[in-house]
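Coordinate inspection notes
If you want the building blocks of each chain, they are given just below.
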Number of protein chains: 2
Amino acid sequence: MGRGRLWRSGLAASMLAGAMELTGRSMQRALDQILRRLITQGRLTVRWPDGGTATYAAGPGPRAALAFASPATVRRLVLDPALAFGEAYMDGTLTPVECGIYDVLDVLTANLGVRGRAHPALQLRTLLGRLSRRFAQFNPARRARRNAAHHYDLSGRLYSLFLDRDRQYSCAYFRTGSETLEEAQAAKKRHIAAKLLLDRPNMTVLDIGSGWGGLALTLARDYGARVVGITLSAEQLADTRARAEAEGLADRVTFELLDYRMMNSRFDRIVSVGMFEHVGVVHYRAFFDVVQRCLAPDGVALLHTIGRSDGPASTNPWLAKYIFPGGYSPALSEVLPPIERAGLVVTDVEVLRLHYAETLRHWRRRFAANRDTIAALYDERFCRMFEFYLAGSELAFRRQGHVNFQLQLAREQSAVPLIRDYVAEAERLPVPLRQHA
Amino acid sequence: MGRGRLWRSGLAASMLAGAMELTGRSMQRALDQILRRLITQGRLTVRWPDGGTATYAAGPGPRAALAFASPATVRRLVLDPALAFGEAYMDGTLTPVECGIYDVLDVLTANLGVRGRAHPALQLRTLLGRLSRRFAQFNPARRARRNAAHHYDLSGRLYSLFLDRDRQYSCAYFRTGSETLEEAQAAKKRHIAAKLLLDRPNMTVLDIGSGWGGLALTLARDYGARVVGITLSAEQLADTRARAEAEGLADRVTFELLDYRMMNSRFDRIVSVGMFEHVGVVHYRAFFDVVQRCLAPDGVALLHTIGRSDGPASTNPWLAKYIFPGGYSPALSEVLPPIERAGLVVTDVEVLRLHYAETLRHWRRRFAANRDTIAALYDERFCRMFEFYLAGSELAFRRQGHVNFQLQLAREQSAVPLIRDYVAEAERLPVPLRQHA
């Protein structure tokens, strides 16, 4: 046994011994202490495994209650909160009482703040996460495909039960906050199209991560573009090809099962919406090299991605395990260096704040409305997993510094107009802008 | 003598010996070789010290001619082009022939490209520059004040002879490109005011680097704000205080001779226009800590600064020596990390491309129109120094990746509206928006 392994196993043994000491009521006392320090807003009521209850109240703010099924759940939560919380909810050993999981997470995130300051275990996780994130985000082609399949090869029917009609699985654009999800997703596509400056007919567009095809089909139908969409999900590929045929757009839009790294052709425009989250920091340079290589000299690219405003961090371990293996939401400071090194010019950065929280609120409500159908399609545990994912993500955007970046990129400074007013002007034009050629 | 010094002095001696070998005609041959490789666009004609001429022509593009007064000038240019070129022009040992210095730099920058790829000496400089730039940009309070005095304590009369009437000494905002400098500078102030969301009367504003006071006075006069402007230039301070008195705004606008690091008060809004270029990368964290500390929790800040779209680099040594000691134009990748670490949220990034090139074109023309007056105020060498500065800067924005960033910052995501349309809407409102309270 090498010194490294010996040290690690020694450390693990001593941690385990420490953990074993803290069993049963002592673990409950530990969590009680943590919650007592943590809750400085709102109110959380906890029903312990032994039937006793405790209330952590600190004035105005959100309110929720939860119950633990067993001392084991309490112990796991103290030792590994970031992973154990979601797992306990999925397994039914942690249950919201007279409220939903959103309400429970609402109280917790209101008190955790942007960085999860209060819980030392969370801070340790963040530190370890930073050290390991380069490995967690190592996504060569084969793993990238497996990661995509994990989430996007879920039944297309599932996505039709909580997304908008066009199945836009990314941040919508809320002009007022009171519009429907359908309106906000249509506005998002218009906003992106405006920034792409599709000002000539038959412009060629590469859509990296084409999802269920809504954006590619819209750019072809309403803006006269010729689009190539690439995806790593076989389910999405079949679906989008069928949609292009059904809409009579198959001559203008083609979809391929292809890794972005394989692209070599030139396009007038490149767009990537909600795919960059799967790339991983170690591959950003490769990603932007592809954009540089595949973009015409006077071309324009638009990258729409989740990001975080509070600097580099690590992916929540529950989210990485159950929803997005290999995924990561970058800080702007992580996205800029590989763009500059690739020789691309950043021509604009829009930071969409709270739009994704609103989007997720709509998804969460639609999911709830169709819960029985989804439970029949999968099972109760799957539903709870998805609910936890939607609720946690919404709160990450409301409270924990998550935002959505739209980065407009070019090879030449002069590729976009002098001032940004062209975006709002294009958005005011009637749709469709062009008939097919 | 330590090994390091021995090695360095040995290296210096061998370099000197190599340089001495290349004297007279051999230096001319070296420069001839460099220009032969460099010029791939346009045409440059060179008159050598011995009276002979050479023309480097490569098809369409800008055209210019220059003459060298002595072999020493040729040698210095080969050995240290980035510094020697401007110095030779200032000293009159390098003279444009039947054209201006702008035309000569136009041909050279058209061929150098963004990174100055062709000239190995320039590349070596860039490398050394990166190593030394942390020292070059070390600007503690006393040095910061000396650096500011170097440029901004030049006669106020000088600046009135090439700037607009309001003496805005920063990038204007050209909505069309055909407006006057006065119009474009007024539009810049409106654009900044719109992003500052001065939507209540008597909002307090801190203006870091208040220059000749135009912005501070405008925010007070037209937007009902109460402004504190700070500067390190005694000349600017006297001038701005007199302006505030003369305009009857002294009760709403105060100016102080103060380093940004000294600020501790809270403001609703913070604005900094054309000052961040003097801060230096090593002090960015201190700068954004001041913004964080001095900004109200629901506050909004707007940073307007020159930057570069091609990644970190070093300040041109001529510019650092004669115009802006301690100055630096950062890449976005250098500005973002200290913002994130300071706990500020980036709510918007606008990249003003070519606006500063247009601004500098206006300044260059006004300078030329008032050249005799300026030469009487200073001397011929000063005029040539300023011409070189204005021409070189304009071309840095046209050809070498320089841009102007407007970063909008906040402490809370919700401090600014959901979508950016409020900027254009505010710009359409009539001015003045408010009467004084």
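Quick caveat, the model's predicted, so the values are computed rather than measured. (Residues numbered from 1 in each chain as written. Chains lettered and ligands numbered in written order. Predicted model: local features only at pLDDT ≥ 70, side-chain atom pairs only at ≥ 80, totals over all residues.)

1. Thoughts on the overall build of chain A
Basically, it comes down to this: Helix numbering and strand numbering both begin at the N terminus, where a helix is a DSSP run of H or I of at least 4 residues and a strand a DSSP run of E of at least 2. Remark: C-beta atoms are placed from the backbone, and a residue is labelled buried if 20 or more other C-beta atoms sit within 10 Å of its own, exposed if 12 or fewer do, or partly exposed between those counts. Throughout, a pair of residues is in contact if the C-beta atoms placed from their backbones lie within 7 Å.
A tally of regular secondary structure across chain A gives 18 helices and 11 strands. Scored against the burial criterion, the 437 residues of chain A give a buried share of 48%. Within chain A, counting contacts between residues at least 6 apart in sequence, those at least 24 apart form 74% of the total.

2. Topic: helix 3 (residues 71–79) of chain A
Inspection of helix 3 of chain A places Thr73, Val74, Arg75, Leu77 and Val78 of chain A among the buried residues, and these make up the whole buried set. Where helix 3 of chain A is buried, its residues touch helix 2 (25–38), strand 3 (63–68), helix 4 (81–91) and strand 4 (94–96) of chain A.

3. A look at the packing of helix 15 (residues 355–369) of chain B against helix 17 (residues 380–399) of chain B
Residues and elements named next belong to chain B. Let me state the cut-off plainly: Orientation is described by axes fitted as lines to C-alpha atoms, over the contacting stretch for helices, and by angles from 0 to 180 degrees between their N-to-C directions. Roughly parallel means an angle under 35 degrees; roughly antiparallel means over 145; roughly perpendicular covers 65 to 115; every other angle is labelled oblique. Each crossing gets its hand from how the near helix is turned against the far one by less than a right angle, where anticlockwise is left-handed and clockwise is right-handed. Gly is put with the polar residues, along with every residue not named as nonpolar or charged; the nonpolar set is Ala, Val, Leu, Ile, Met, Phe, Trp, Tyr, Cys and Pro, and the charged set is Asp, Glu, Lys and Arg.
At a minimum axis distance of 8 Å, the contact between helix 15 and helix 17 shows a crossing angle of 160°. It follows that helix 15 is roughly antiparallel to helix 17 by the angle criterion. In the packing of helix 15 onto helix 17, the handedness of the crossing is left-handed. Counting all contacts with helix 15, which are made through Tyr356, Ala357, Leu360, Arg361, Trp363, Arg364 and Phe367, the residues of helix 17 involved are Phe386, Glu387, Leu390, Ala391, Ser393, Glu394, Phe397 and Arg398. Residues that form the contact of helix 15 with helix 17 fall into these classes: nine nonpolar, one polar and five charged.

4. Here's the deal with the relation of the copies chain A and chain B
Copy one and copy two of the chain differ by a rotation about an axis and a translation along that axis. Heads up, the rule is: Our superposition of the copies is a least-squares fit, built on the C-alpha atoms of residues whose pLDDT is at least 70 in both.
Superposition of chain A onto chain B requires a rotation of 180° combined with a translation of 0.0 Å along the rotation axis, giving an RMSD of 0.0 Å. In symmetry terms, the pair is related by a two-fold rotation axis. In terms of proximity to the rotation axis, the leading residue of chain A is valine 349 of chain A, whose C-alpha is 2.5 Å off the axis. Mapped onto chain B, 100% of the interface residues of chain A again fall at the interface, so both copies present the same surface.

5. Details of the packing of helix 12 (residues 284–294) of chain B against helix 14 (residues 332–341) of chain B
Residues and elements named next belong to chain B. As a packed pair, helix 12 and helix 14 sit with axes 9 Å apart at the nearest point and diverge in direction by 45°. Our classification of the angle between helix 12 and helix 14 gives oblique. Crossing angle aside, the handedness with which helix 12 passes helix 14 is right-handed. Of helix 14, the residues touching helix 12 (which contributes Tyr284, Arg285 and Phe288) are Val335, Pro338, Ile339 and Arg341. Considering only residue class, the contact of helix 12 with helix 14 consists of five nonpolar, no polar and two charged.

6. Thoughts on the interface of chain A and chain B
Short version of the rule: Pairing between strands is defined by DSSP: at least two bridges between the two strands are required.
Contacts between chain A and chain B engage 31 residues on the former and 31 residues on the latter. Broken down by secondary-structure element, the contributors of at least two residues to the side of chain A that touches chain B are helix 14 (332–341), strand 10 (345–352) and helix 18 (421–428) of chain A. Here the side of chain A that touches chain B gets seven residues from one element, more than from any other, and that element is strand 10 of chain A. As defined by bridge partners, strand 10 of chain A adjoins strand 10 (residues 345–352) of chain B across three bridges and the pair is classed as antiparallel. The partner of glutamate 350 of chain A across the bridge, within strand 10 of chain B, is aspartate 348 of chain B.

7. With respect to the sheet that holds strand 2 (residues 53–58) of chain B
All names here are of chain B. Taken together, four strands build an open sheet; the order of strands is 2-1-3-4 and the sheet is mixed. Edge positions in the sheet fall to strand 2 and strand 4 (94–96), since each has one partner strand and no second. Strand-to-strand twist across the sheet, computed as the mean angle between neighbouring axes with direction ignored, equals 20°. Where helix 5 (residues 101–112) meets the sheet, it contacts strand 1 (42–47), strand 3 (63–68) and strand 4, and its direction lies at approximately 110° from that of strand 3.

8. What about the confidence of the model for chain A?
Residue and element names in this part refer to chain A. Worth spelling out the cut-off: Within a predicted model, pLDDT stands for the predictor's per-residue confidence, ranging from 0 to 100.
With 88% of its residues at a pLDDT of 70 or more, chain A shows a mean pLDDT of 89. Counted against residues more than four places away or in other chains, residues 1–8, with its pLDDT under 50, gives one contact. The low-confidence segment residues 116–125 (pLDDT under 50) makes 15 contacts with residues lying over four places distant or belonging to another chain. With pTM at 0.90, the complex prediction returns an ipTM value of 0.89.

9. Here's the deal with the sheet that holds strand 2 (residues 53–58) of chain A
Residues and elements named next belong to chain A. Within the open sheet, the four strands sit side by side as 2-1-3-4. Their pairing is mixed. Edge positions in the sheet fall to strand 2 and strand 4, since each of these pairs with one other strand and no more. On average, each strand axis in the sheet is inclined to that of its neighbour by 20°, with strand direction left out of account. As paired elements, strand 1 (residues 42–47) and strand 2 share six bridges and run antiparallel to each other. Of the residues in strand 2, the one forming a bridge with leucine 44 is tyrosine 56. Helix 5 (residues 101–112) rests against strand 1, strand 3 and strand 4 of the sheet, and its axis sits at about 110° to strand 3.

10. Notes on the pairing of strand 7 (residues 253–257) of chain B
All names here are of chain B. Selection rule: Orient the strands so they point away from the viewer, and a crossover whose first-strand-to-second-strand path over the helix runs clockwise is right-handed.
Pairing of strand 6 (residues 226–231) with strand 7, which is carried by five bridges, proceeds in the parallel orientation. Looking across to strand 7, one finds that valine 227 is bridged to valine 253. Where the polypeptide runs from strand 6 across helix 11 (residues 234–246) and back to strand 7, its parallel neighbour, the crossover connection is right-handed.

11. Some thoughts on the nonpolar core
Selection criterion: Linking buried Ala, Val, Leu, Ile, Met, Phe, Trp, Tyr and Cys residues through C-beta atoms within 7 Å yields a set, and such a set is a nonpolar core.
Ranked by size, the top nonpolar core spans 235 residues in total, and within it Leu219, Val291 and Leu409 of chain A together with Leu219, Ile270, Val291 and Leu409 of chain B carry the most contacts. When sequence neighbours within four positions are dropped, the list of residues in contact with valine 291 of chain A reads Ile270, Ala301, Ala342, Leu344 and Leu409 of chain A.

12. Some details on the environment of glutamate 277 of chain B
All names here are of chain B. For glutamate 277, the position within the fold is in the loop between strand 8 (267–273) and helix 12. According to the C-beta neighbour criterion, glutamate 277 is partly exposed, with 18 such atoms within 10 Å. For the pair formed by glutamate 277 and asparagine 404, sequence separation is 127 residues and the distance between their alpha carbons is 11 Å. Non-local contacts of glutamate 277, meaning those with residues more than four positions away in its chain, are made with Thr305, Ile306, Phe324, Gly327, Tyr328 and Ser329.

13. Concerning the domain arrangement of chain A
Residues and elements named next belong to chain A. Just so we agree on the cut-off: Boundary definitions for the domains trace back to an automatic or database domain assignment.
Under the domain assignment, chain A is made up of domain 1 (3–112) and domain 2 (141–428). Between domain 1 and domain 2, the residue contacts involve 12 residues of the former and 16 residues of the latter. Split by residue class, the side of domain 1 that touches domain 2 holds eight nonpolar, two polar and two charged.

14. Some thoughts on helix 17 (residues 380–399) of chain A
Residue and element names in this part refer to chain A. Note the threshold: To estimate how far a helix should extend, the number of its residues minus one is multiplied by 1.5 Å.
Between the first and last C-alpha of helix 17 there are 28 Å, a value that for 20 residues agrees with the 28 Å anticipated at 1.5 Å per step. Within helix 17, 14 of the 20 residues are buried, leaving the element largely enclosed by the surrounding structure. Just beyond helix 17, the residue with positive phi is glycine 401, at close to 80°.

15. Some details on unusual backbone geometry
Apart from glycine, the bulk of residues carry a negative phi angle, and the bulk of peptide bonds sit in the trans form. Residue and element names in this part refer to chain B. We note that glutamate 98 has phi near 55°; this positive angle belongs to a residue other than glycine. Considering the arrangement of structural elements, one finds glutamate 98 in the loop between strand 4 and helix 5. Its identity is not glycine, yet leucine 197 carries a phi of approximately 50°, on the positive side. Tracing the backbone shows leucine 197 in the loop between helix 9 (181–196) and strand 5 (204–208).

16. Some words on the environment of phenylalanine 397 of chain A
Residue and element names in this part refer to chain A. Among the structural elements, phenylalanine 397 can be located in helix 17. Distance in space between the C-alpha atoms of phenylalanine 397 and proline 49 is 32 Å, their sequence separation being 348 residues. Leaving out residues up to four positions away in the same chain, phenylalanine 397 has contacts with Leu354, Tyr356, Ala357, Leu360 and His402.

17. Quick word on the environment of aspartate 164 of chain B
All names here are of chain B. Along the chain, aspartate 164 turns up in the loop between helix 8 (156–160) and helix 9. Measuring from C-alpha to C-alpha, the distance between aspartate 164 and alanine 184 comes to 9.5 Å, with 20 residues separating the pair along the chain. In contact with aspartate 164, other than residues within four places in its own chain, are Leu181, Glu182 and Gln185.

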